[in-house]
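Topology and contacts: notes
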Amino acid sequence: MKAIRRFTVRPVLPEPLLPLSDLARNLRWSWHADTRDLFQSVDPDRWAACGEDPVRLLGTVPTRRLAELAEDRRFLRRLREVADDLDDYVTGHRWYQAQGGGLPAAVAYFSPEFGVTAALPQYSGGLGILAGDHLKAASDLGVPLIGVGLLYRHGYFRQSLSRDGWQQEHYPVLDPNELPVALLKEADGTPAQVALALPGGRRLHARIWLAQVGRVPLLMLDSDVEENDLGERGVTDRLYGGGSEHRLLQEMLLGIGGVRAVRTYCRLTGHPAPEVFHTNEGHAGFLGLERIAELCAGEAALDFDAALESVRAGTVFTTHTPVPAGIDRFDRELVAHHFGQDAELPGIDVQHILRLGMETYPGGEPNLFNMAVMGLRLGQRANGVSLLHGQVSREMFSGLWPGFDPEEVPITSVTNGVHAPTWVAPEVFRLGARQIGAQRTEDALTVGGSDRWDAVGDIADQDIWDLRRVLREQLVVEVRERLRASWRQRGAGSAELGWIDGVLDPDVLTIGFARRVPSYKRLTLMLRDRDRLMDLLLHPEHPVQIVVAGKAHPADDGGKRLVQELVRFADDPRVRHRIVFLPDYGMAMAQKLYPGCDIWLNNPLRPLEACGTSGMKAALNGCLNLSVLDGWWDEWFQPDFGWAIPTADGTGTDPDHRDAVEAAALYDLLEQRVTPRFYERGQGGLPDRWIEMVRQTLTLLGPKVLAGRMVREYVERLYTPAAHAHRALDPSAARELAAWKSRVRAAWHAVTVDHVETSVTSATAELGSTLALRVHVGLGALTPEDVDVQAVSGRVDEEDRIADALSVPLKPVGGPDPDGRWLYEGPLSLDRTGPFGYTVRILPSHRLLASGSELGLVTVPPQDVVEGAGVLMR
């Protein structure tokens, strides 16, 4: 029979065990080994059966067992120690509190998904895992962050396979009462809510669920509440589900509702109000509109332009995609329908809103509202997520800054990192603790700050090799269990599955490949030459084995075909003991997969991998990377700790030919360099050269890939400057800056470079000599205080384009001449040999600008001035 109503019955803990509830509700348990060990000791079998989820565990432990534990002095002593440790962790001073003054009082961090733990399945892939690691690292460092997201009642889909290997999706319903979250409540005990106005007088209500991630609160908005009609209740049903309007409502709730949730949380708890708002990808971009609306209301109301300047100053925008197709874009009419007098933010002119997101630049679609474009226009500071991705982003969005070279587009980069305590296997941690002590190991994994982990050099080769064998063996056990469960789902009977007991070998070189399955990640590149792959898998002396996992988007049939192709190959009885596909890739699987692999394979189409953090998690466990030079690997690859797959990424390369060339390069590396090194034995019977690569991976790469390093960079390079800019833009300063920008934009058409002359007339000069520049400029209605006149110089290529440009300010000399022109002068040092060139340009200048390119305005000499200026020195 089916129940007509469902309840969540919470356990009543005996008084001595009450701290267990607090420990279960703070997600620090997901990365804190002592807390996990404590819960496991409550009931090891139930702990495993509950997926290592303390909330579910406490809901299933029999009363008799709880009574026993309440009398167990040894357990109670451990409980007090772990509870005291959590209290010290949450309240004590950490890295952030030891820094100097001027840091933000708080930072609000918005993301459409958060991968904190498998027990809270609110993520689909890298973006969410990165966001979860960001929160955890901020917690470890003591950064006063508030996370903001949505609570999806179905999360992301669960993946299984049909008998013929076709991906099937399942959407289990999540009951928040059974998750490690709690409702945010008003002082009178009623649930706190936010609401958005919808067209036609309707309203979208949402409750606020709170997940405590160590020191960091994560606010998650849930529209499945009784006050909503059926359609509105489904707004937060699935992550990345539904059509355009559904996605738009999700993103309005995330951005606008998220700001309102932050204000509610701060009012109820006394948490400092955020000075900086960080938008993790464009999905949350509407948060800027809500903050503008706040400033346009009230006693000291600003107009839209002044409010925009104030909001921009305190906003950081991070882009994660290297391709325009990865950005959410909406029809302008749909956006207009949801804003204005009859809907949300009635105090803001709809045209102002549309202008922020429209692709009004060469190559753009003028009728589309682009969430990343809005994010860049609403954020004074922006970044990509690796050095290469920063370059790609500057080129991709250069149309927003016409007249500037891509390298001057104001988008920097902060390379992603991963939260080591989450992803490092307990066995790896224990080896480190044995070497330098548990506290120093924990500090090394969380705070970071050192360029090297030199203590790894003192670990004996035998200990490293034994560790790798143990981790590989654990992976073999895990794979067999998951593979057996998968085949049963596919309809196989137990009698058919005896072969699974021989799948994988703990002494064979193990390669891992696990990630989402868009086409550019090339899941099936390894199948390009199946005979060569079979030879690798079945080599009599140097065999390899491969573990593959990954989900295709439910609407991506092309990705599903790639999954099916891989699965069918792995089903072949000749190789199925050497290559497996594991369905339902997620955090729980990943935490077993990364440590157990010897090689982490990554072969995207360069440069389409923004960062790609899975290889970082593998590296922290002593796994070597074998990857295309893309994302973070392009930045940090060294032959000491991995291999680079050569790429054929010339613009004229046929895609099929490119795949063939790069697949052949992959096979060559595996056959000639990777497998021989793994199986080669030194005098002591150990693979000395392989162990040295593992050691170098941990010593040199380990400190770089930490989320602690990443968050410290955000604090120092983006959050703190944003907080300072936010404080500088009080209402008076915001009005001043907005009025100045308006005046400069209106007058810029009259700004000209009229004449350039130098002290050298020949086409050659000696290294170290100095040119004297004299430049006549027209400023129209502007004054020298409004502009920066610069000489820009550097080496030039065959087309006279300046590379590695150096900008030097020129100074005004006297007042304007009778024609209203100003004279600027300055020296230009010839500090490089070879073809050398210079030009002159004029930029807007104001003390409150973050960069000279901020307005996207620049004036350079016209061609007739260039021809007479002697701009090349050869």
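Scroll up to find the structure.
All values reported here derive from a predicted model rather than from experimental measurement.

When helices and strands are counted, the protein shows 29 helices and 28 strands. Taken over the C-alpha trace, the protein has a radius of gyration of 30 Å; the compact-globule value for 874 residues is 29 Å, and the two agree within 12%. A sequence separation of at least 24 residues applies to 73% of the contacts in the protein between residues at least 6 apart. Total accessible area on the protein is roughly 35,400 Å²; 50% of this is exposed by carbon and sulfur atoms. For the protein, the distance from the average site of its 93 positive side-chain charges to the average site of its 118 negative ones is 5 Å.

At a closest axis distance of 10 Å, the pairing of helix H17 (residues 426–436) and helix H19 (residues 461–489) adopts a crossing angle of 160 degrees. Relative to H19, H17 is oriented roughly antiparallel. Considering only the axes of H17 and H19, their crossing is right-handed. Every residue of H19 that contacts H17 at Glu 427, Val 428, Leu 431 and Arg 434 is listed here: Asp 463, Leu 467, Val 470, Leu 471 and Gln 474. Residues belonging to the contact of H17 with H19 are distributed by class as follows: five nonpolar, one polar and three charged.

For the rest of this paragraph, the subject is the pairing of strand S15 (residues 509–514). Working note: regular strand, side chains alternate between the two faces of the sheet. Most of S15 sits out of view: six of its six residues are buried. Where burial is concerned, the two faces of S15 agree: the one with Leu 509, Ile 511 and Phe 513 and the one with Thr 510, Gly 512 and Ala 514 are both buried. As paired strands, S15 and strand S16 (residues 544–549) are joined by six bridges and run parallel to one another. Looking at S16, one finds that Leu 509 is bridged to Val 544. Read from S15 through helix H20 (residues 530–537) to S16, the crossover connection turns out right-handed. In this sheet, strand S18 (residues 599–602) lies alongside S15 in parallel orientation, the contact comprising two bridges. Pairing of Gly 512 across the sheet is with Trp 600, part of S18.

A few words on unusual backbone geometry. Looking along the chain, the bond that leaves Arg 606 and enters Pro 607 is cis, with omega of 5 degrees. In this fold, Pro 607 is placed in the loop between S18 and helix H23 (614–619). With a phi angle near 55 degrees, Arg 522 is a residue other than glycine that sits in the positive phi range. Its location among the elements puts Arg 522 in the loop between S15 and H20. In this structure Arg 522 comes out as buried when scored by relative accessible area, which is 5%. Backbone geometry places Asp 584, a non-glycine residue, at a positive phi of 65 degrees. Of note, Asp 584 is situated in the loop between strand S17 (579–582) and helix H22 (587–596).

As for its placement among the helices and strands, Gly 384 is situated in strand S13 (residues 381–384). Sequence separation of Gly 384 and Thr 319 is 65 residues, and the distance between their C-alpha atoms is 5.3 Å. Each residue touching Gly 384, except ones within four places of it in the same chain, is listed here: Thr 319, His 389, Ile 411, Thr 412, Ser 413 and Val 414.

Secondary-structure assignment places Asp 328 in the loop between strand S10 (315–318) and strand S11 (329–331). On the basis of relative accessible area, Asp 328 is assigned to the buried category, the value being 17%. For Asp 328, the side chain forms a polar contact with the side chain of Arg 247, separated by 2.9 Å. Not counting residues up to four positions away in its chain, the partners in contact with Asp 328 are Arg 247, Glu 251, His 283, Phe 369, Asn 370 and Met 371.

Each turn of an α-helix holds 3.6 residues, which means side chains three or four residues apart point in the same direction. Between its first and last C-alpha atoms helix H21 (residues 557–570) spans 20 Å; for 14 residues at 1.5 Å apiece the expected length is 20 Å, and the two agree. Of the positions making up H21, those classed as buried are Gly 559, Lys 560, Leu 562, Val 563, Gln 564, Leu 566, Val 567, Phe 569 and Ala 570. With a side-chain oxygen positioned 3.2 Å from the backbone nitrogen of Gly 558, the residue opening H21 is Asp 556.

Across the sheet, which stays open at both edges, the four strands sit in the order S21-S22-S26-S25 with antiparallel pairing between neighbours. Two strands in the sheet have a free side with no partner beyond their single neighbour: strand S21 (752–758) and strand S25 (811–812).

By the definition in use, this model includes zero disulfides. Among the cysteines around Cys 623, which has no disulfide bond, Cys 597 carries the closest sulfur, lying 5.7 Å off. Take Cys 623: its relative accessible area is 0%, and that puts it in the buried class.

Once that is clear, we can look at the packing of aromatic side chains. Using the criterion set out here, one finds 20 aromatic pairs in the structure. Ring centres of Phe 678 and Tyr 679 lie 4.9 Å apart, and the angle between their planes is 80 degrees; this geometry places the pair in the edge-to-face category. Owing to a relative accessible area of 1%, Phe 678 belongs among the buried residues under this scheme. Taken together, the aromatic side chains of Trp 465, Trp 643, Phe 678, Tyr 679 and Trp 690 make up a single cluster linked through ring pairs. Directly above the aromatic system of Tyr 171 lies the positively charged group of Arg 238, at a separation of 3.6 Å from the ring centroid. Lying over the aromatic face of Phe 157, Lys 551 brings its terminal NZ or CZ to 5.0 Å of the ring centre.

Turning our attention to the environment of Gly 241. Position of Gly 241 among the secondary structure elements: in the loop between helix H8 (230–233) and helix H9 (244–269). Gly 241 sits 85 residues away from Tyr 156 along the chain, and the two C-alpha atoms are 8.8 Å apart.

The subject of this paragraph is the side chain of Glu 232. Tracing the backbone shows Glu 232 in helix H8. Taking relative accessible area as the criterion, Glu 232 reaches 8% and is therefore assigned buried. Looking at Glu 232, its side chain comes within polar contact range of the side chain of Arg 202, at 2.6 Å. Among all residues touching Glu 232, those that are not within four sequence positions of it are Leu 198, Arg 202, Arg 203, Leu 204 and Ser 223.

Along its 29 residues, H19 runs 42 Å from first to last C-alpha, staying within 8% of the 42 Å computed at 1.5 Å per residue. A positive phi of about 105 degrees marks Gly 491, the residue just after H19.

Here the focus is the pattern of salt bridges. Using the criterion set out here, one finds 56 salt bridges in the structure. Linking Arg 153 and Asp 222 is a salt bridge whose minimum nitrogen-to-oxygen distance equals 2.6 Å. Highlighted residues: Arg 153 in the loop between strand S2 (145–150) and strand S3 (158–161) and Asp 222 in strand S8 (residues 216–222), separated in sequence by 69 residues. Considered together, Arg 153 and Asp 222 belong to a single accessibility category, that of buried residues. Across the salt bridge formed by Glu 427 and Arg 430, the nearest N and O atoms sit 3.8 Å from each other. With a gap of three residues between them, Glu 427 and Arg 430 both fall in helix H17, about one helical turn apart. Of the residues examined, Glu 427 reaches a relative accessible area of 18% and is grouped as buried. Residue classification places Arg 430 among the exposed positions, given a relative accessible area of 52%.

Right, let's get into a negative patch on the surface. On the surface, Asp 34, Asp 37, Glu 81, Asp 84, Asp 87 and Asp 88 cluster together into a patch of negative charge. Broken down by secondary-structure element, the contributors of at least two residues to the negative patch are helix H2 (33–42) and helix H6 (73–91). With four residues, the single largest contributor to the negative patch is H6. Note that Glu 81 resides in helix H6. Of the residues examined, Glu 81 reaches a relative accessible area of 52% and is grouped as exposed.

What follows deals with the sheet that holds strand S20 (residues 642–645). Strand order in this open sheet of six strands is S17-S16-S15-S18-S19-S20, and the pairing throughout is parallel. The sheet terminates laterally at S17 and S20, the two strands that pair on one side only. Sheet twist, expressed as the mean angle between neighbouring strand axes with direction ignored, is 20 degrees. Strands in contact with H21 are S16 and S17; relative to S17, the strand with the most contacts, it is inclined by about 135 degrees. Contacting S15, S16, S18, strand S19 (624–628) and S20, helix H25 (residues 655–679) runs over the sheet at an angle of about 165 degrees to S20.

Scoring rules and cut-offs
- Residues numbered from 1 in each chain as written.
- Predicted model: local features only at pLDDT ≥ 70, side-chain atom pairs only at ≥ 80, totals over all residues.
- Heavy atoms only, no water.
- Helix = DSSP H or I, 4+ residues; strand = E, 2+ residues; numbered from the N terminus.
- Rg over C-alpha atoms; globule rule 2.2 N^0.38 Å.
- Contact = heavy atoms within 4.5 Å.
- Areas by Shrake-Rupley, 256 points an atom, 1.4 Å probe, with all protein chains shown as cover.
- Lys, Arg positive; Asp, Glu negative; His and termini not counted.
- Charge placed at Lys NZ, Arg CZ, Asp CG, Glu CD.
- Axes fitted to C-alpha atoms, helices over the stretch in contact; angles between N-to-C directions.
- Parallel < 35°, antiparallel > 145°, perpendicular 65-115°, else oblique.
- Left-handed = near helix turned anticlockwise from the far one by under 90°.
- Nonpolar A, V, L, I, M, F, W, Y, C, P; charged D, E, K, R; others polar.
- Buried < 20%, exposed > 50% of the residue type's maximum accessible area, 1.4 Å probe, protein only.
- Pairing = 2+ DSSP bridges.
- Right-handed = clockwise from strand over helix to strand, strands pointing away.
- Polar contact = N/O pair within 3.5 Å; in protein donor to acceptor, adjacent residues only side chain to side chain.
- Expected span 1.5 Å × (residues − 1).
- Disulfide = S-S within 2.5 Å.
- Phe/Tyr/Trp six-rings, centres within 6.5 Å; stacked < 30°, edge-to-face > 60°.
- Lys NZ or Arg CZ within 6 Å of the ring centre and 35° of its normal.
- Salt bridge = Lys/Arg side-chain N within 4 Å of Asp/Glu carboxyl O.
- Patch = residues over 30% accessible without salt bridge, like charges linked within 9 Å, V, L, I, M, F, W, Y side chains within 5 Å.

The values reported here are purely geometric and, on their own, carry no functional implication.
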